[in-house]
Amino acid sequence: MFNTRSQRRLSFVLPHLNQAATRARNIYDTRYPDGFDWQISEGLRDQARQNELVSIGASKTTDSRHITGHAIDVAMFDKNGTYIKTVTEDDYCRIAECMKAAAKEYAIAIVWGAVWDRDIRDLRPPFMAEIEAYKKRREDAGKKAFIDGVHFELSKREYP
Ligand SMILES: [Zn+2]
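Now for a look at the structure at hand. Note on numbering: residues in each chain are counted from 1, in written sequence order. Residue-level local features of this predicted model are given only where pLDDT is at least 70; pairs of side-chain atoms are given and counted only at 80 or more, and the full residue set underlies all totals for whole chains, interfaces and linings.

A tally of helices and strands in the protein yields 5 helices and 4 strands. What counts as a helix is a DSSP run of H or I of at least four residues, what counts as a strand is a run of E of at least two, and both are numbered from the N terminus. Sequence-ordered secondary structure for the protein, helices as α and strands as β, is α-α-β-α-β-α-β-α-β. To get the radius of gyration, use the C-alpha atoms; to get the globule rule, take the number of residues to the power 0.38 and multiply by 2.2 Å. Over its C-alpha trace the protein gives a radius of gyration of 15 Å, about what one expects of a compact globule, namely 15 Å for 160 residues. For the protein, the C-alpha atoms occupy an extent of roughly 40 × 35 × 30 Å along the three principal directions. The 160 residues of the protein split such that 34% are buried. In this description, any two residues whose backbone-derived C-beta atoms lie within 7 Å of each other are considered to be in contact. The contacts in the protein between residues at least 6 apart in sequence include a share of 65% that link residues at least 24 apart. Burial is judged by counting other C-beta atoms within 10 Å of a residue's own C-beta: 20 or more means buried, 12 or fewer means exposed, and anything between counts as partly exposed, with every C-beta placed from the backbone.

Here it is as structure tokens:
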């Protein structure tokens, strides 16, 4: 279950994103009863906060989907409620796989910050391989891959 702080953060983002995240958390708890207590660390952001994140290198754009309530970030906690800084890409992948299941169930177009150029519903396990494939596509295009595994947003195409 999400704690009240996460639920409050979700109440300020678009309802479809709230719905998908809440369902993803339920799926995760069923699949991984001993898994992380992941929560919503960021939802709706104001422009000042976004600019601050860009200035410290935590975000790449001043034009973030967080500002319009189209994006969330998750954070993981251990059993004692301590924030886990050193999460692995595998840890993100588990959450993303549950987000995909929720997105499919409710037919919601979501994009994951570790594979920006695909709808999460089109990703196939193992998700680590999808991240590597994305990095390769960026490399082939002569561009850098920005992997933001904690970030999920509603697809720009379906939710402009
Ligand atoms: Zn984000």
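Here the rule is simple: two strands pair whenever DSSP picks up at least two bridges between them. Strand order in the open sheet formed by 4 strands is S1-S2-S4-S3, with antiparallel pairing between adjacent strands. Whereas interior strands pair on both sides, the edge strands pair on one side only; in this sheet they are strand S1 (37-42) and strand S3 (110-112). Going from strand to strand, the sheet's axes swing by 30 degrees on average, the running direction of each strand aside. Across 5 bridges, the pairing between S1 and strand S2 (residues 71-77) is antiparallel. Pairing of Gln39 across the sheet is with Ala75, part of S2. Axes here mean lines fitted to C-alpha atoms, for a helix over just the part in contact, with angles spanning 0 to 180 degrees between N-to-C directions. Contacts between helix H4 (residues 89-106) and the sheet are confined to S1, S2, S3 and strand S4 (151-154), with S3 contributing the most and set at about 170 degrees to the helix.

Now for the packing of helix H2 (residues 15-31) against H4. Running from N to C, H2 and H4 cross one another at 125 degrees; their axes reach a closest spacing of 8 Å. One finds that H2 runs oblique with respect to H4. Handedness of the crossing formed by H2 with H4: right-handed. Along the contact surface, H2 presents Gln19, Ala20, Arg23, Ala24, Ile27, Tyr28 and Arg31, while H4 presents Arg94, Ile95, Cys98, Met99, Ala101, Ala102, Ala103, Glu105 and Tyr106. Asp, Glu, Lys and Arg are counted as charged, while Ala, Val, Leu, Ile, Met, Phe, Trp, Tyr, Cys and Pro are counted as nonpolar; the rest, among them Gly, fall into the polar class. Here the contact of H2 with H4 is built from residues that sort into 11 nonpolar, 1 polar and 4 charged. Throughout this description, any angle smaller than 35 degrees is read as roughly parallel, any larger than 145 degrees as roughly antiparallel, any in the 65 to 115 degree range as roughly perpendicular, and the remainder as oblique. The hand of a helix crossing depends on one turn: near helix anticlockwise from the far one by less than a right angle means left-handed, and clockwise means right-handed.

Here we take up unusual backbone geometry. Here the residue pair Pro125 and Pro126 is connected by a cis peptide bond, since its omega of 0 degrees sits within 30 degrees of zero. With respect to the helices and strands, the residue Pro126 is situated in the loop between S3 and helix H5 (127-140).

A few words now on the nonpolar core. To define a nonpolar core, we join buried Ala, Val, Leu, Ile, Met, Phe, Trp, Tyr and Cys residues through C-beta atoms within 7 Å and take the resulting set. By size, the foremost hydrophobic cluster in this structure holds 35 residues, and its most contacted members are Ala20, Ile95, Ala96, Met99, Ile110 and Trp112. Of all the secondary structure elements, the ones that give two or more residues to this core are H2, S1, S2, H4, S3, H5 and S4. No other element matches H4, which puts 8 residues into this core. For Trp112, the contacting residues outside a window of four places in its chain are Ala96, Met99, Ile120 and Phe152.

Quick look at the environment of Arg137 now. Assignment of secondary structure puts Arg137 in helix H5. For Arg137, a count of 15 C-beta atoms within 10 Å corresponds to the partly exposed category.

We now examine the environment of Ala102. Structurally, the position occupied by Ala102 is in helix H4. Counting along the chain gives 77 residues from Ala102 to Arg25, while the straight-line C-alpha distance between them is 9.0 Å. Apart from residues no more than four positions distant in its own chain, Ala102 is found in contact with Ala20, Arg23, Ala24 and Ile27.

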